[in-house]
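Listed below, chain by chain, are the residues.
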Amino acid sequence: MTKQKRILRSQAWFGGDDKNGFIHRSWMKNQGHPDHEFDGRPVIGICNTWSDLTPCNGHFRELAESVKRGVYEAGGFPVEFPVMSLGESNLRPTAMLFRNLASMDVEESIRGNPIDAVVLLTGCDKTTPALLMGAASCDLPTIVVSGGPMLNGNCRGKPIGSGTDVWKFSEDLRAGRMSLGDFKQAESCMSRSTGHCMTMGTASTMACMVEALGVTLPGNAAIPAVDARRKVLAHMSGCRIVEMVHEDLKLSRILTRAAFENAVMVNGAIGGSTNAVVHLLAVAGRVGIEFTLDDWDRLGRDVPCLLNLMPSGQYLMEDFYYAGGLPVVIKDLLDKLHGDALTVTGHSLAHNVADAENFNAEVIFPLAAPFKEQGGIAVLRGNLAPRGAIIKPSAATPALLQHRGRAVVFSSIENYKARIDDPELEIDASSIMVLQNCGPKGYPGMAEVGNMGLPKKLLELGVRDMVRISDARMSGTAFGTVVLHVAPEAAMGGPLALVREGDMIELDVAGRHLHLDVSDAELAQRRAQWSAPVPAMRGGYQHMYMAHVMQADQGVDLDFLVGCRGAAIPRESH
Ligand code: FES
């Protein structure tokens, strides 16, 4: 690659012969940087989400060292900086509440500092969209390096998957099929190496999404966190980002509409998390691309699920890597995809996967004979969800995809917990469980509570799935006939708020329909009596969040963060 000498952005800090140049260089030199590192070479930011409280990203300081080695090797100057880290398993009330806050941290940290490009170290669920959203609003050359999944869980000689088996074990414990001792032993067996959830949950899905978008080197999604090849990928990403500066290959040239369309189709083929819907809508909003829920339905409708991975199937991310990883899926889908979409390699998506080979057809099924016919995310509409709701058919019970049932309504997650195991609760397997006030404003943060556990008395009878409807999200590791992201949400006065115990609801996934069988006149009367719930928490960031958060069909971003603001800084700091 020809390297023409351009005056880079970082030289506005490090290139001057005046007081300000002195200040910018001198303080950096206290870390032992020699003069020649300020000579106009590309300065590469390494945006790190390491935290002891984000265990999925706990190995990122080591990963950053691999990126640095690559940057140095290619003639760049690496500078690592921390941003807010979001640990899905620890953060309360839910990590999603802080995705947009973290994205603001990322955006301002990139724009305000002397860097020419950025490598984003992402892993646990929200860290991937948060970093990509922030970087997209700046539009410097950008590469994502995912932290990689944990090794397969293994308990008593059997593979167990993050999240997916937690939901199963929890229901087995409640139904008396599992002892408390075995339940606790499974904790250590599940999370036995560094890395993020190793099912096709949200972290793995988002790692696949960034690879399908073209913002990672090929093969990024599936390499286990502890595999030495993860470090090699980080090293090579460090090398490549320096070249991208010379080529001025900015993020906006890669995050095109074609890239988003590719990602939606790949999400269908991998049986990806429903959370990808809100995250990709939000990222598209940051680069000014018109991208809607209808695109999700239209593009994913004919894409079958090729991966036999939990929660839709039986294998895990480690198996996916050994089978060939995401390049195999992309290669098989090329007839549907925009294969000419540009990626961070400087080549097209099709070029990147030309040599991909499937080493295990039990894990990655061919498009010609897929694992499941229905892979995409279905978008439902009707009087219960005028602005849409979603369901993941590949994780649902086929017999329940068309269902009419009596509503059992929970007004909050606390109300659900207080009543679900009440022996007097009027509920049977044909009922539809409705959860209100768990959306973007109602929870707040649209928590992953949509896959409500079933009543103990039905579990004991052997019931394994029921239709559930809410304005919440669900973990990408979860499964079931679960309708999510109902918009507008209940706390905004959406029709979900008006559902009452005993109402009949019709779900028709094939017809993309969700209907509350109550007359318009009755609904109007209920609306007149409705009042908004009082927020559980006030002040601070949540004050700003509540005033500006958008609904699920718009990606749950804050309205004033939509769009790309570029990386220009009009003023000096001194
Ligand atoms: Fe971090 Fe699942 S808890 S990826």
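Along each chain, residue indices are assigned from 1 in the same order as the chain's sequence is written. Where local features are concerned, this predicted model is filtered to residues with pLDDT of at least 70; where side-chain atom pairs are given and counted, the filter is 80 or more; whole-chain, interface and lining totals use all residues. Where side-chain values are given, they derive from all heavy atoms of the structure, hydrogens and water being excluded.

## Structural notes on the overall build of the protein chain
Selection criterion: Think of it this way: any DSSP run of H or I at least four residues long counts as a helix, any run of E at least two long counts as a strand, and we number them from the N terminus. What the globule rule says is 2.2 Å times the number of residues to the power 0.38, and the radius of gyration is computed from C-alpha atoms. Categorising residues by exposure relies on relative accessible area from a 1.4 Å probe, with only protein chains included: less than 20% of the type maximum marks a residue as buried, more than 50% marks it as exposed, and the intermediate range marks it as partly exposed. Note on contacts: a residue pair is in contact if any heavy atoms of the two residues lie within 4.5 Å. Surface accessibility in these figures is a Shrake-Rupley result with a 1.4 Å probe; residues are shielded only by whichever protein chains are displayed. Only four residue types enter the charge count, namely Lys and Arg as positive and Asp and Glu as negative; His and the chain termini do not. Where a charge sits is defined by one atom per residue type, namely NZ (Lys), CZ (Arg), CG (Asp) or CD (Glu).
Within the protein chain, the regular secondary structure consists of 20 helices and 14 strands. The C-alpha radius of gyration of the protein chain comes to 24 Å, within 12% of the 25 Å expected for a compact globule of 574 residues. Each principal axis of the C-alpha atoms in the protein chain carries an extent, and together these give about 80 × 55 × 45 Å. With 574 residues in all, the protein chain has 62% of them scored as buried. Summarising the internal contacts of the protein chain: among those between residues at least 6 apart in sequence, 77% fall at separations of at least 24. Of the roughly 21600 Å² that the protein chain leaves accessible, carbon and sulfur atoms contribute 53%. Charge centroids of the protein chain, computed over 55 positive and 64 negative side chains, lie 3 Å from each other.

## Some remarks on the nonpolar core
Put simply, the rule reads: Nonpolar cores are built from buried Ala, Val, Leu, Ile, Met, Phe, Trp, Tyr and Cys residues. Side-chain atoms within 4.5 Å join them into one set.
Formed by 136 residues in total, the largest nonpolar core has its most connected members in Leu132, Leu255, Phe260, Trp296, Phe320 and Val329. Discounting chain neighbours no more than four positions away, the residues touching Val329 are Ala269, Ile270, Leu306, Leu307, Phe320 and Ile364. Among the nonpolar cores identified, the runner-up in size contains 29 residues, and Ala385, Leu401, Ala490 and Leu498 belong to it.

## With respect to unusual backbone geometry
In this model, Arg92 is joined to Pro93 through a cis peptide bond whose omega is 0 degrees. The topology assignment puts Pro93 in the loop between strand S2 (77–82) and helix H4 (99–112). A cis amide bond, omega 0 degrees, links Tyr443 with the succeeding residue Pro444. By the element assignment, Pro444 lies in the loop between strand S10 (432–435) and helix H18 (456–459). In this structure, Asp139 takes a positive phi of about 65 degrees despite not being glycine. Considering the arrangement of structural elements, one finds Asp139 in the loop between helix H5 (127–136) and strand S4 (142–146).

## A closer look at helix H3 (residues 60–73)
Basically, it comes down to this: Helix span is expected to be 1.5 Å times the residue number reduced by one.
Taking 1.5 Å of rise per residue, 14 residues should cover 20 Å, and H3 covers 20 Å from first to last C-alpha, within 8% of that figure. For H3, every residue scored as buried is listed here: Phe60, Leu63, Ala64, Ser66, Val67, Lys68, Gly70 and Val71. Looking at the buried residues of H3, the elements they touch are strand S1 (43–48), S2, strand S3 (117–122), S4 and helix H9 (228–247). Within two residues after H3, Gly75 carries a phi angle of roughly 90 degrees, on the positive side.

## Structural notes on the pairing of strand S9 (residues 402–410)
We apply this condition: For two strands to count as paired, DSSP must find a minimum of two bridges between them.
Note: S9 against strand S13 (residues 504–508), 5 bridges, orientation antiparallel. Bridging from a neighbouring strand, Arg404 pairs with Glu506 of S13.

## Considering the pattern of salt bridges
Counted only if it meets this: What makes a salt bridge here is a side-chain nitrogen of Lys or Arg within 4 Å of a carboxyl oxygen of Asp or Glu, nothing more.
Applying the stated criterion across every chain, the model contains 35 salt bridges. For Asp421, the salt bridge is made with Arg174, and the minimal N-O distance between the two is 2.8 Å. You can see Asp421 sitting in the loop between helix H17 (413–419) and S10 and its partner Arg174 sitting in helix H6 (residues 164–174), a full 247 residues away along the chain. Taking the relative accessible area as the measure of exposure, Arg174 reaches 22% and is therefore partly exposed. Residues joined in a network through salt bridges with shared partners are Glu107, Glu108, Arg111, Arg286, Asp557 and Arg565.

## Topic: the packing of aromatic side chains
To keep it simple, the criterion reads: Only centres within 6.5 Å qualify two rings of Phe, Tyr or Trp (six-membered ring in Trp) as a pair; their planes then separate them into stacked at under 30 degrees, edge-to-face at over 60, and tilted for everything else. Note on criteria: charge over ring means Lys NZ or Arg CZ within 6 Å of the ring centre, with the direction from the centre no more than 35 degrees off the ring normal.
Per the stated rule, a full pass over the model turns up 9 aromatic pairs. Taking the centre distance of 5.5 Å and the plane angle of 85 degrees together, the rings of Phe38 and Phe77 count as edge-to-face. Residue Phe38 is found in the loop between helix H2 (19–29) and S1, and its partner Phe77 is found in strand S2; the two are separated by 39 residues along the sequence. The buried category is assigned to Phe77, whose relative accessible area is 0%. Centroid distance Tyr321 to Tyr322: 6.0 Å. Interplanar angle 50 degrees. Geometry classified as tilted. Through a chain of ring-to-ring contacts, three or more aromatic side chains come together here, namely Phe14, Phe38 and Phe77. The lysine or arginine in question, Lys168, covers the ring of Phe479, its NZ or CZ lying 5.3 Å from the ring centre.

## Re the side chain of Ser237
Looking at the element boundaries, Ser237 is found in helix H9. The class of Ser237 is buried, set by a relative accessible area of 0%. Once residues lying within four places of it in the same chain are set aside, the contact partners of Ser237 are Ile143, Val145 and Leu217.

## Description of the sheet that holds S1
Which entries qualify depends on this criterion: As a rule, the C-alpha atoms of each element are fitted with a line to give its axis, helices using only the stretch in contact, and angles between N-to-C directions run from 0 to 180 degrees.
The sheet built from 4 strands is open, its strands ordered S2-S1-S3-S4 with parallel pairing. Looking at strand neighbours, the two that pair on one side only are S2 and S4, the edges of this open sheet. Across the sheet, the mean angle from the axis of one strand to that of its neighbour is 20 degrees, orientation sign disregarded. Bridge analysis of S1 against S3 gives 5 bridges, and the strand direction is parallel. Bridge pairing in S3 links Ile44 to Ala117. Each of S1, S3 and S4 is contacted by H9, which is oriented at about 175 degrees to S4, the strand it contacts most.

## What about the environment of Gly453?
Note that Gly453 resides in the loop between S10 and H18. With 15 residues separating them along the chain, Gly453 and Arg468 place their C-alpha atoms 9.6 Å apart. Those residues in contact with Gly453 that lie beyond four places of it in its chain are Glu171, Arg174, Tyr416, Ile420 and Met433.

## A look at the environment of Trp13
Note that Trp13 resides in helix H1 (residues 11–14). For Trp13, a relative accessible area of 14% puts it in the buried group. Along the chain, Trp13 and Leu293 lie 280 residues apart, while their C-alpha atoms are 42 Å from each other. Sequence-distant contacts of Trp13, that is, excluding residues within four places in its chain, are made with Asn20, Gly21, His24, Arg111, Gly112, Asn113 and Pro114.

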